[in-house]
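Okay, here's what each chain looks like letter by letter:
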Amino acid sequence: MTFSRRDGVYSYFMKEALEEAKKAYELDEVPIGAVVVKDGKIIGRGHNSRERKQDPTLHAEIIAIRQAAAELGSWRLTDCELYVTIEPCPMCAGAILQSRIPRVIYGARDPKAGCAGSLYNLLEDSRFNHRAEVVEGVLEEECAEIIRGYFRQKRGK
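Residues numbered from 1 in each chain as written. Predicted model: local features only at pLDDT ≥ 70, side-chain atom pairs only at ≥ 80, totals over all residues. Heavy atoms only, no water.

Counting across every chain of the model gives 14 salt bridges. For Glu19, the salt bridge is made with Lys22, and the minimal N-O distance between the two is 3.2 Å. One end of the pair, Glu19, and the other, Lys22, are both in helix H1 (residues 7-26), three residues apart, so they sit about a helical turn from each other. Note that Lys23 is salt-bridged to Glu20, the shortest N-O span being 2.9 Å. Of this pair, Lys23 and Glu20 are both found in helix H1, three residues apart, which corresponds to roughly one turn of the helix. According to the relative accessible area criterion, Lys23 is partly exposed, its value standing at 38%. Each of Glu16, Glu20, Lys23 and Arg45 takes part in a single network of salt bridges with overlapping partners. (Salt bridge = Lys/Arg side-chain N within 4 Å of Asp/Glu carboxyl O. Helix = DSSP H or I, 4+ residues; strand = E, 2+ residues; numbered from the N terminus. Buried < 20%, exposed > 50% of the residue type's maximum accessible area, 1.4 Å probe, protein only.)

Below, the structure is given as structure tokens:
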């Protein structure tokens with residue numbers, strides 16, 4: 001948990017990603033949220049929508065990346081940062097690399113599917129032609145709690 005250099009900025013945008021996760025929760029989706037930031041401005045937002053739309057690619061990160069690319073008119077998001085409440089999965093890590101996002105900031109680890117340090121670290125693997133710096137643990141407890149609460153509620157039904 002070493003993110004001291006920009007704690008305030010990291011926390012501010014992670015709170016925005018948490019707002020997206022809350023939207024997913026209210027829609028009975030796994031509550032993961034993401035925002036893409038360029039020059040201190042949010043240019044893409046997303047929350048999980050795969051259950052509602054029955055599309056396995058509609059993870060929070062993918063939706064936010066698509067919005068950001070549309071906003072910029074380019075698939076290259078080289079001057080952007082991605083904030084996501086839970087560690088990206090393999091699909092999302094691939095999309096991050098393909099979109100050339102240079103930094104990913106996430107809240108809580110995903111020990112079952114995480115590909116930014118938990119199971120694999122695709123984002124910082126030097127064998128790829130592009131890498132992304134990973135910052136983990138920003139608002140970790142809040143990010144972990146929303147997902148824990150969601151699954152507690154599911155198990156209770």
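Moving on to the pairing of strand E4 (residues 103-108). Burial runs high along E4: six of the six residues are buried. Two elements, strand E3 (residues 80-86) and E4, share five bridges in a ladder whose sense is parallel. By the bridge assignment for E4, Val84 is matched with Tyr106. Following the chain from E3 across helix H4 (residues 90-98) to the adjacent parallel E4, one finds a crossover that is right-handed. (Pairing = 2+ DSSP bridges. Right-handed = clockwise from strand over helix to strand, strands pointing away.)

Here the focus is the environment of Leu139. Topologically, Leu139 is positioned in the loop between strand E5 (133-136) and helix H5 (140-156). In sequence terms Leu139 and Pro102 are 37 residues apart; their C-alpha atoms lie 21 Å from each other. Setting aside its immediate chain neighbours within four residues, Leu139 contacts Ser11, Met14, Lys15 and Leu18. (Contact = heavy atoms within 4.5 Å.)

What the rule picks out here adds up to zero disulfides. In this model Cys89 remains outside any disulfide bridge; the closest cysteine sulfur is found in Cys92, 3.7 Å from its own. With relative accessibility at 12%, the residue Cys89 sits in the buried group. According to the relative accessible area criterion, Cys92 is buried, its value standing at 0%. (Disulfide = S-S within 2.5 Å.)

Strand order across the open sheet formed by five strands is E2-E1-E3-E4-E5, with mixed pairing between neighbours. The open sheet has two free edges, formed respectively by strand E2 (41-47) and E5, since each of these has just one partner strand. The sheet shows a mean angle of 20 degrees between the axes of neighbouring strands, taken without regard to direction. Inspection of the sheet shows strand E1 (residues 33-38) paired to E2 by six bridges, in the antiparallel sense. If you follow Lys38 over to E2, its bridge partner there is Lys41. (Axes fitted to C-alpha atoms, helices over the stretch in contact; angles between N-to-C directions.)

Time to look at the nonpolar core. Ranked by internal contacts, the top residues of the largest apolar core, which has 49 residues, are Met14, Val36, Tyr83, Ile96 and Leu123. Elements with a minimum of two residues in this core: H1, E1, helix H3 (60-72), E3, H4, E4, E5 and H5. Contact partners of Val36, with chain neighbours within four places excluded, come to Lys41, Ile42, Ile43, Gly44, Ala64, Ile65, Ala68, Cys80, Glu81 and Leu82. (Core = buried A, V, L, I, M, F, W, Y, C linked by side-chain atoms within 4.5 Å.)

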